[in-house]
Amino acid sequence: MNKILKVLLPAVMLILMLGAFTACACDEDDAPPVQQQPGQQGPQDNVETPPNVPGEAVRVGVSMPTMDLQRWNQDGANLNRLLSARGFDVDLQFAANDVPTQVAQIENMIGAGAEILVIAAIDGDSLTEVLAQAYERDITVIAYDRLIMNTPAVSYYATFDNFLVGVMQGEFVRDALDLPNQDGPFYIEFFTGDPGDNNINFFFPGAMSILQPFLDDGTLVSPSGQTAIAQVATIAWSSENAQTRMENLIALNNLTPGGNPLHAVMCSNDSTAQGVTQALRNAGWEADGFPIITGQDCDIISVRNMIAGYQAMSVFKDTRVLAENVVEMVAAIAEGREVPINNTTDYNNGVLYIPTYLSDPIVATLDNYRELLIDGGYYTEAELYG
């Protein structure tokens, strides 16, 4: 008997051990979850980052030309607000309309680790060297409303359809004077902006595409004979410079209410229009019978001049829309998505065609300014009338 037990006991022990092992084995569905250490990821897990987990914000440098013009104050404020709301680290600088200052500010942005630059250039030809640094560091550059010339560093361009802006101004003059149906002559002078701003190469040709045929056939006449873009440029888009030139034209050609007639002044933007308006008012022109003055940007002063009868129109470029479009471009770049653009063929900076996002301008007159500017929330009544 003892011999039998000695033989069976090891087998029984083995059976008991196997049973215990099987009893401890759990089905996969009943197993407790594996506790991973922070930062540890299983080989087949697809772990998503939880929302609102703080990370290092993408740094965006925003370079604006000056704080002295309402337009650039608005653009800078809009970009800063919208980019910050999207979680970007924004470095906003205004360059006092001084090219060396803008160059130095952009250098500082690059040195401080900006990954994306949004630049409204004072002079589109003056940033080649500083942007070479951005190019070497693979920093994405968006030219904001002014094309930056002669550099491969520009990745994108965001602006309004600036040729269309000029067309709208030319069409307004044409229709207000009914040029196709009149013999004339009607007398007109021309003002555009800074020769360093490439936008004048769209604004002015756009207007002249409408008005040049009437100059050619004598329906329109420029008393000064100054109709070439270089002759009618206004350094720094300055109201003071425009006023000085208009005062000279008035004196040289006796363009006064009691002297030789003046029917229109084609101004490419509101700051030049304001200088022209002041010169004409100083020369005795009253709102009743005031020459047709065009403009662009719907600056508060110019809208007030429209209300008072001193400026006939302005082209409304809703800078909120432009800023929103640029912020979407910045977000797409930061997230590695396709960047929204709608033009790849019209904007060559001397090195390459720049992928561009165009926003649409709108003609503003006494008939629709309230709807566009007040009802649309661009200005309050207090800002316009206060």
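These numbers were taken from a predicted model, which means no experiment stands behind them.

Procedures and definitions
Think of each chain on its own: its residues are numbered from 1, step by step along the sequence as written. Local features are withheld for residues below a pLDDT of 70 in this predicted model, meaning they are given only at 70 or higher, and side-chain atom pairs are given and counted only at 80 or more; totals for whole chains, interfaces and linings count all residues. Values shown for side chains rest on all heavy atoms present in the structure; no hydrogens or waters enter the calculation. Each pair of aromatic rings taken from Phe, Tyr and Trp, with Trp reduced to its six-membered ring, is defined by centres within 6.5 Å and is described as stacked if the planes are under 30 degrees apart, edge-to-face if over 60, and tilted in the remaining cases. A run of H or I in DSSP becomes a helix once it reaches four residues, and a run of E becomes a strand once it reaches two; helices and strands are each numbered from the N terminus. Think of it in three bands: with a 1.4 Å probe and only protein chains considered, a residue is buried below 20% of the maximum accessible area for its type, exposed above 50%, and partly exposed in between. The criterion for a charge sitting over a ring is simple: Lys NZ or Arg CZ within 6 Å of the ring centre, and within 35 degrees of the ring normal. Contacts were defined at the residue level, with two residues in contact if any of their heavy atoms lie within 4.5 Å. In a helix, the anticipated span is given by 1.5 Å times the number of residues less one. Here, nonpolar core means buried Ala, Val, Leu, Ile, Met, Phe, Trp, Tyr and Cys residues that are tied together by side-chain atoms lying within 4.5 Å of each other.

**Section: the packing of aromatic side chains**
Line of reasoning, step 1. As enumerated under the stated definition, the model contains 7 aromatic pairs in all.
Line of reasoning, step 2. Between Y157 and Y347, the ring centres sit 5.3 Å apart and the planes meet at 70 degrees, which makes this aromatic pair edge-to-face. With Y157 in strand β5 (residues 154-160) and Y347 in the loop between α11 (319-335) and β11 (356-359), this residue pair connects regions lying 190 residues apart in the sequence. Each member of the pair Y157 and Y347 is classed as buried.
Line of reasoning, step 3. Summarising the aromatic geometry, the rings of F202 and Y347 are spaced 5.0 Å apart at their centres and angled 35 degrees between planes, so their arrangement reads as tilted. Highlighted residues: F202 in helix α6 (residues 200-216) and Y347 in the loop between α11 and β11, separated in sequence by 145 residues.
Line of reasoning, step 4. Judged by its relative accessible area of 3%, Y347 is buried.
Line of reasoning, step 5. Aromatic ring contacts, followed pair by pair, group Y157, F202 and Y347 into a single cluster.
Line of reasoning, step 6. The ring of W72 has R71 lying over it, and the distance from NZ or CZ to the ring centre is 4.6 Å.
Line of reasoning, step 7. Just above the ring of F191 sits the side chain of R245; from NZ or CZ to the centre is 4.3 Å.

**Structural notes on the side chain of Q74**
Line of reasoning, step 1. As for its position among the elements, Q74 is in helix α2 (residues 70-85).
Line of reasoning, step 2. Apart from residues lying up to four places away in sequence, Q74 is in contact with T319, Y378 and Y379.

**Section: the side chain of T356**
Line of reasoning, step 1. Structurally, T356 can be placed in strand β11.
Line of reasoning, step 2. A relative accessible area of 0% places T356 in the buried class.

**Regarding unusual backbone geometry**
Line of reasoning, step 1. Look at the link from G184 to P185: it is a cis peptide, with omega at 0 degrees.
Line of reasoning, step 2. Here P185 shows up in the loop between α5 (162-177) and β6 (186-191).
Line of reasoning, step 3. We note that D138 has phi near 60 degrees; this positive angle belongs to a residue other than glycine.
Line of reasoning, step 4. Note on placement: D138 falls in the loop between α4 (128-136) and β4 (140-144).
Line of reasoning, step 5. In the Ramachandran plot, D297 falls in the positive-phi region, its phi being about 110 degrees despite a non-glycine side chain.
Line of reasoning, step 6. Examined against the element boundaries, D297 turns out to sit in the loop between β9 (292-293) and α10 (300-308).

**Re α11**
Line of reasoning, step 1. For α11, built from 17 residues, the straight-helix expectation of 24 Å at 1.5 Å per residue is met to within 8% by its first-to-last C-alpha distance of 24 Å.
Line of reasoning, step 2. All of the buried residues along α11 are T319, L322, A323, N325, V326, V327, M329, V330, A331, A332 and I333.
Line of reasoning, step 3. Structurally, α11 contributes buried residues whose contacts are with β1 (59-64), α2, β3 (116-119), β4, β5 and β11.
Line of reasoning, step 4. One or two positions beyond α11, positive phi appears at G336, with a value near 75 degrees.

**What to know about the nonpolar core**
As a rule of thumb, nonpolar side chains are buried together in soluble globular proteins.
Line of reasoning, step 1. Counting residues in hydrophobic clusters, the biggest one holds 29 residues, and the most contacted among them are V60, L79, L83, V118, Y144 and V330.
Line of reasoning, step 2. Among the elements of the structure, β1, α2, β2 (89-94), β3, β4, β5 and α11 are those that each provide at least two residues to this core.
Line of reasoning, step 3. Top contributing element to this core by residue count: α11, with 9 residues.
Line of reasoning, step 4. The next biggest cluster of nonpolar side chains, apart from the first, holds 25 residues, and it includes I119, V130, L131 and Y157.

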